[in-house]
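Letter by letter, the chains look like this.
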Amino acid sequence: MQTKVYLTEDEMPRQWYNIAADLPSPMQPPLGPDGKPITPDMLAPVFPMNIIEQEVSTQRWIDIPEEVLGILCKWRPSPLHRAYALEKALGTPARIYYKNESVSPPGSHKPNTAVPQAWYNKQFGIKKITTETGAGQWGSALAFACSLLGLECKVFMVRISFDQKPFRKLMMETWGATCIASPSTETNAGRQILASHPDTPGSLGIAISEAIEAAVTDKTGSTRYSLGSVLNHVMLHQTIIGLESKKQLEKIGIKQVDVVIGCAGGGSNFAGLAFPFVNDKIHGASIDIIPVEPTSCPTMTKGPFVYDHGDTAKMTPLLPMHSLGHDFIPPPIHAGGLRYHGMAPLVSQTIIEGLVTPRAIDQVECYDAAVLFARTEGIIPAPETSHAIAAAIQEARKAKEEAKEKVILFGFSGHGLMDLSGYDRFFQGKLVSYSLPESEMGSAIRELNGLPRPKVVRTGKW
Ligand SMILES: *Cc1c(COP(=O)(O)O)cnc(C)c1O
């Protein structure tokens, strides 16, 4: 019985995988305010040019800089675990594996992109990075990366999480960052929202507007903005998760997985694990690949494929993606990292192609799954991660009904040690099932009516 598979530091991948090189149908371009495709220089006030180049690259393999590899080695390669105890509790013939990204110092997959993003900014001469954070995971990952590379970091944290998760703010401060609640009075975007919605719990869309505004209004030109998910370069950096997983499975003689699962907020940990397997599927492999979202924020399962802004104040270009509308304020659930109105364009395109099959799961089923996982495997999952676990359990039960010895791989995106108040509410029976009703979806989506529509291009192969 081998419970964990490790790679040596020498065996760590030296290149990221760019799925843009292999997509069977082309991506629709991001559009500017005039409705025309944006050019790289239009993004220059927001991101450094070396990151913009990655954002638009279609090169299949991109080298990971040596210094970045050196920092990633502080916690990578991350272990791949076999969930023997969970399998036993479920009585399933399936073999369940999980890739454990909770071993990074901030506790999630997010430093996999925070480190290279901070590094490329530094190479470009940038001194300060602004960002938003939902549950606090991204803010703490970027604070961690900036402290290791000697950059200033300012984080706008969604109000509801700021109030619910004071320890995340303290982590950011320990790594030398400043963290304020969003909406704040420091930006025009924040002040406008506060004037119309003084009691708003905030949203990632609002916090993104604030962080971009704070970056582009720095007259010295030495501040840029950083986004923790959604964009192509973030998906790229996260592919180290799936590339390591494939090597680890090969090490124990597994050539073919049947099911790959990840939870999806903006899509990055899912894409990071799944895209190397999506590549196999494009080239003929038979794999069920499942991104999982909450029923309270059903971007992929109910949101239309549209051109939409990534933020509430419409500062970002229009991205072709599944979206609930940039004005949509998701209900305040504990899985804060999954409260986002849009889905990464690259993930959206794999949905359109039928290469991946999204699923929405209710929060009560997710907490049930999280508690079963904690009591069998021992690690307390982040509320976001519990969505992947719940789907893996559904698949393991299905394998039992079908008496099939399937191989299931899921992404363990982070631990929940900073999220115990959600568990408290669950144990007190205060968490209720909640699916976003159709009636709540209408108005934010109607706002998109005046915007251009992306072409839906699919080959029909999957
Ligand atoms: C942020 C976060 C997520 C969701 O973000 P993605 O970009 O979709 O990966 C999932 N799990 C954890 C633990 C997170 O911190």
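Small disclaimer: the values here were computed from a predicted structure and weren't measured.

So, on to the sheet that holds strand E8 (residues 178-182). The strand order E8-E7-E6-E9 describes an open sheet built from 4 strands, whose pairing is parallel. Where the open sheet ends on each side, the last strands, each with one partner, are E8 and strand E9 (223-225). Averaged over neighbouring strand pairs, the angle between their axes works out to 25 degrees when direction is ignored. As judged from the 3 bridges shared by strand E6 (residues 128-133) and E9, these two strands associate in the parallel manner. Paired with Ile129 across the bridge in E9 is Arg224.

Let us now look at the nonpolar core. Core analysis: the biggest nonpolar cluster contains 124 residues, and Ala118, Leu142, Cys146, Ala274 and Ala392 have the highest contact counts within it. Here Cys146 is in contact with Ala118, Ile129, Leu151, Glu152, Cys153 and Ala177, once residues within four sequence places are set aside.

Moving on, we come to the pairing of strand E12 (residues 305-309). Along any regular strand, the residues point their side chains to alternate faces of the sheet. Buried residues dominate E12, accounting for 4 of its 5 residues. Summarising the sheet, E12 and strand E13 (residues 318-322) pair through 5 bridges and their orientation is antiparallel. Opposite Val306, over in E13, you have Met321 as the bridge partner.

Strand order in this open sheet of 7 strands is E1-E4-E5-E15-E10-E11-E14, and the pairing throughout is mixed. Of all strands in the sheet, those with a lone pairing partner are strand E1 (4-5) and strand E14 (359-361), marking the two edges. Sheet topology places strand E10 (residues 259-263) next to strand E15 (residues 407-412); 3 bridges connect them, and they run parallel. Within E15, the position partnered with Val260 by the bridge is Leu409.

Let us now look at the packing of helix H15 (residues 363-376) against helix H16 (residues 385-401). Two elements in contact, H15 and H16, have axes whose closest approach is 8 Å; the angle formed by their N-to-C orientations is 85 degrees. Classed by the angle they form, the pair H15 and H16 counts as roughly perpendicular. Counting all contacts with H15, which are made through Glu365, Cys366, Tyr367, Ala369, Ala370 and Phe373, the residues of H16 involved are Ser386, His387, Ile389, Ala390 and Ile393. Each residue belonging to the contact of H15 with H16 can be placed in one class, and the counts come to 8 nonpolar, 2 polar and 1 charged.

How each quantity is defined
- Residues numbered from 1 in each chain as written.
- Predicted model: local features only at pLDDT ≥ 70, side-chain atom pairs only at ≥ 80, totals over all residues.
- Pairing = 2+ DSSP bridges.
- Helix = DSSP H or I, 4+ residues; strand = E, 2+ residues; numbered from the N terminus.
- Axes fitted to C-alpha atoms, helices over the stretch in contact; angles between N-to-C directions.
- Core = buried A, V, L, I, M, F, W, Y, C linked by C-beta atoms within 7 Å.
- Buried ≥ 20, exposed ≤ 12 C-beta atoms within 10 Å, placed from the backbone.
- Contact = placed C-beta atoms within 7 Å.
- Parallel < 35°, antiparallel > 145°, perpendicular 65-115°, else oblique.
- Nonpolar A, V, L, I, M, F, W, Y, C, P; charged D, E, K, R; others polar.

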